Structures are given as C-alpha cells and as structure tokens.
Amino acid sequence: MTGSGPDGRTRGTDGPASEAEGRAPGVDHGLSETDTPATGTDTPATGADSGAPALTVVRPGALTTVQDLGRPGHAHLGVGRSGALDRPAHALANRLAGNPAGHAALETTVDGCAVRTSAAVTVVVTGAPCPVRVDGRPVAWGAAVRVPAGAVLDVGRAASGLRSYVAFAGGVDVPPVLGSRSRDLLSGLGPEPLAAGAVLPLGAPCGPPAHADAVPWAGPPVGGLVLPLVLGPRDDWFTPAALRTLARGTFRVSAASNRIGLRTEGPALERAADGELPSEGMVLGAVQVPPDGRPVVFLADHPTTGGYPVVGVVPEAELAAAAQAVPGTPVRFVPVRG
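Residues numbered from 1 in each chain as written. Predicted model: local features only at pLDDT ≥ 70, side-chain atom pairs only at ≥ 80, totals over all residues. Heavy atoms only, no water.

**What about the packing of aromatic side chains?**
Remark: the centre distance and the inter-plane angle together describe each pair of aromatic rings, the angle taken between the planes. The final tally for this structure, using the stated rule, is 1 aromatic pair. Between Phe251 and Phe333, the ring centres sit 5.7 Å apart and the planes meet at 70°, which makes this aromatic pair edge-to-face. In this pair, Phe251 is assigned in strand β15 (residues 251-253) and Phe333 in strand β22 (residues 330-336), connecting sequence segments 82 residues apart. For the pair Phe251 and Phe333, a shared accessibility class is recorded, and that class is buried. (Phe/Tyr/Trp six-rings, centres within 6.5 Å; stacked < 30°, edge-to-face > 60°. Helix = DSSP H or I, 4+ residues; strand = E, 2+ residues; numbered from the N terminus. Buried < 20%, exposed > 50% of the residue type's maximum accessible area, 1.4 Å probe, protein only.)

Below, the structure written as structure tokens:
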C-alpha cells in the first residue's frame, strides 16, 4: 500500500482499487496482484517432478494463492511477513489434513478454485463456508475428504466471508523463498497466483488426518466487524473530534480492500497537525490514515514502511475476522490504551 513520493520517501495508501480487479490499493508501481514484477520471485508455481503427486489447476478463481505462515524477520530487507490472512482457518485445515501448522495450503478469494489431482490425496476445506465437490459430487466442507487420483476437486463460491483454505495431506510443496512458500502480492515473492494449467507439487503425507467431532471456529463477521484499536503512535496527529469519530463513527469495508490492507469508507478523520512524516516502520494491524482521512487496516502483505500517520494498531488476533469481511460490512473501531 505504499508508493514513492516526489522526494523518494515511502508514502501510504492513496489509490483505491478493488480486490476483484486484483490491484493493490495505494501502490503506484502499476502492478496488479496477479502481475509479474520486474524484480520478484524466481519460483514458478509449476514444475512438479514427473511421477510425483501434483495438482493441475483447472479453474484458478478470482485470486488463489499458496500461503503458509509467512516469512517473518525480513522487515529490515523491506519484505513483509505475508502468509495466510485467516490464520486460524489455515491452521485448522492443516490440522484436519494431518499436516503440521506450517504446511502450505491454497487461499481462495470469493469464488474458490478447481484442481485435478494426479494421485489420491486427503483434502480439507475451511475458512469461508462454500460448496465442495469431487467430480461433481458434493462432499464435506470442514472435514477430511479423500479425493481419488485424476478427480477434480471444485471449491465453490463463498456462501459468507471471502477466503477459503484448501489443505492437502503433505502440503503444497512449491520451492520456498526466504523460508516461506507464501505469495506476497506487494513484493512479488513466492509462487505466482494460480493460473489455468499450472502444476503444483504436493509433499508426502505426514500422518493420518485428524478426527474431530467438533472444533471451535469463528465464522465470518455477521452484522458488523468490531476491531479493538490500541491507540498510537501517531494519534496525536488527529483532533479530539477525529478520535471521537474513530470511536463512534460507522465505517464500512471498501471494495478496494485486498491482502495488503482493509480499506474503509465513511467519515474522514481530521488531522491536528499539518505536514508530513518521514517514512517509518509499519507493523501488521497498523491503521494508517492517508490524506482522504479514511482508515486503512494493514493485513499480511502490508508494506514495511510508510509515510502517513498510524492512529493505532489492531491486535493480530483480531485480524482473522477482517480477512473474512466482505465489502459493505460495517466496521466499528474500539479504541483502547495499550
């Protein structure tokens, strides 16, 4: 969500674009979320070894990416963590598939995807509830399903929420970049978003699928998204009236939201200070306020620096709900002091 200003400093979110268009809001380098950057990953999402278990993409969906737990620890290089936006749903899919939590899975957006398996494999779909079919026959969502060799697994449109997670026993085994198989839409690191005909290798199963009669799972937000907000470090850049608006105003999720950040529509926050900040570090959950005054909540593919003031930070544990909030969902911020 950053771009370079005339002075060469990193700036914040200042260019809306929809997730359906696949463009990062506020990024002025002209790349869409599915474009290949001039200097990005050298790891294609193809090339499974002959005879090894693999997936062939039949229908890529609006935006389907490979995601694991991300690549923390590289912010000093300008590389964010990335990884699954709804981490609890990703972890649950892996657990039920018999995988360690860090195995890579597919993250779909809105309308799912379809893949053909070259070998029999156990699959679990979690996250946004959706129809799941194997060769056209309905199968269970949220439970381990055995998909025969050569069959087509079709993960359908989300009935609520935005993102579903598709875990395969053994995980999606594309080559890691900086220790992660996640696609970072901002930096271009990791395997390309799925495209029709692409081949994704699968790893060897680690153990039998987990059995659970019931598992705790927070569904997509219904009626509204409530986000606790630890104020600071730049809340003093806003007027007392702006902070009251932040606490009492009703915002809505913008269609310009994506993996980089959740944009909001609603009342503008008035600044108390003129001028600009030098670029400074950005963290996951930071709520940056660009010149239009509408807060933006930074998600997994957020930039590591930015030049617009951060009025507060949403705790990481609360961001899974933000990952599933559809455009138009009411958003309420609840400021707290850290």
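**Thoughts on the nonpolar core**
One finds Leu229, Leu262, Val297 and Phe333 to be the most contacted residues of the largest nonpolar core, which totals 38 residues. Counting residues per element, the ones that place at least two in this core are α1 (87-97), β12 (164-168), β14 (225-231), α2 (240-248), β15, α3 (319-323) and β22. Among the elements that take part in this core, α1 stands out by supplying 5 residues, more than any other. (Core = buried A, V, L, I, M, F, W, Y, C linked by side-chain atoms within 4.5 Å.)

**Regarding the sheet that holds strand β13 (residues 199-201)**
Strand order in the open sheet made by the 6 strands is β9-β8-β11-β6-β3-β13, with antiparallel pairing throughout. Every interior strand has two partners, whereas the edge strands, β9 (137-139) and β13, have only one. For this sheet, the mean inter-axis angle between neighbouring strands, taken without regard to orientation, is 30°. Judged from the 3 bridges that link them, strand β3 (residues 54-59) and β13 form a sheet pairing that is antiparallel. (Pairing = 2+ DSSP bridges. Axes fitted to C-alpha atoms, helices over the stretch in contact; angles between N-to-C directions.)

**So, the side chain of Thr64**
Here Thr64 is to be found in the loop between β3 and β4 (65-67). In terms of polar contacts, Thr64 uses its side chain to reach the backbone carbonyl oxygen of Pro60, at 2.6 Å. Filtering out sequence-adjacent residues up to four positions away, Thr64 remains in contact with Leu106, Glu107, Thr108, Gly112, Cys113, Pro193 and Leu194. (Polar contact = N/O pair within 3.5 Å; in protein donor to acceptor, adjacent residues only side chain to side chain. Contact = heavy atoms within 4.5 Å.)

**Details of the environment of Gly306**
In this structure, Gly306 sits in strand β20 (residues 305-306). Sequence spacing of Gly306 and Gly281 is 25 residues, and the spatial spacing of their C-alpha atoms is 6.6 Å.

**A closer look at the pairing of β3**
Note that β3 and strand β6 (residues 113-117) share 4 bridges and pair antiparallel. By the bridge assignment, Arg59 is partnered in β6 with Ala114.

**Notes on the pattern of salt bridges**
According to the stated counting rule, one finds 9 salt bridges in the structure shown. Here Arg87 and Glu316 are joined by a salt bridge, their closest N and O atoms 3.8 Å apart. Of this pair, Arg87 sits in helix α1 while Glu316 sits in the loop between β21 (310-313) and α3, placing them 229 residues apart in sequence. Accessibility expressed as a relative area gives 40% for Glu316, which makes it partly exposed. Salt-bridge contacts for Glu192 lead to Arg183; the nearest nitrogen and oxygen are separated by 3.5 Å. On the basis of relative accessibility, which here comes to 1%, the residue Arg183 falls in the buried class. (Salt bridge = Lys/Arg side-chain N within 4 Å of Asp/Glu carboxyl O.)

**What about the sheet that holds β22?**
Pairing is mixed in the closed barrel, where 7 strands are placed in the order β14-β21-β18-β19-β16-β15-β22. Shown here is a sheet whose adjacent strand axes are inclined to one another by a mean of 40°, direction ignored. Taken together, the 2 bridges between β15 and strand β16 (residues 261-265) define a ladder with antiparallel strand orientation. Residue pairing in the sheet places Arg252 in a bridge with Glu265 of β16. Strands β14, β15, β21 and β22 of the sheet are contacted by α2, whose axis makes an angle of about 125° with β22.

**Examining α1**
Among all positions of α1, only Ala89, His90, Leu92, Ala93, Asn94, Leu96 and Ala97 are buried. In the core, the buried residues of α1 are packed alongside β4, β5 (105-107), β7 (121-127) and β12. At the C-terminal side of α1, Gly98 shows a positive phi close to 85°.

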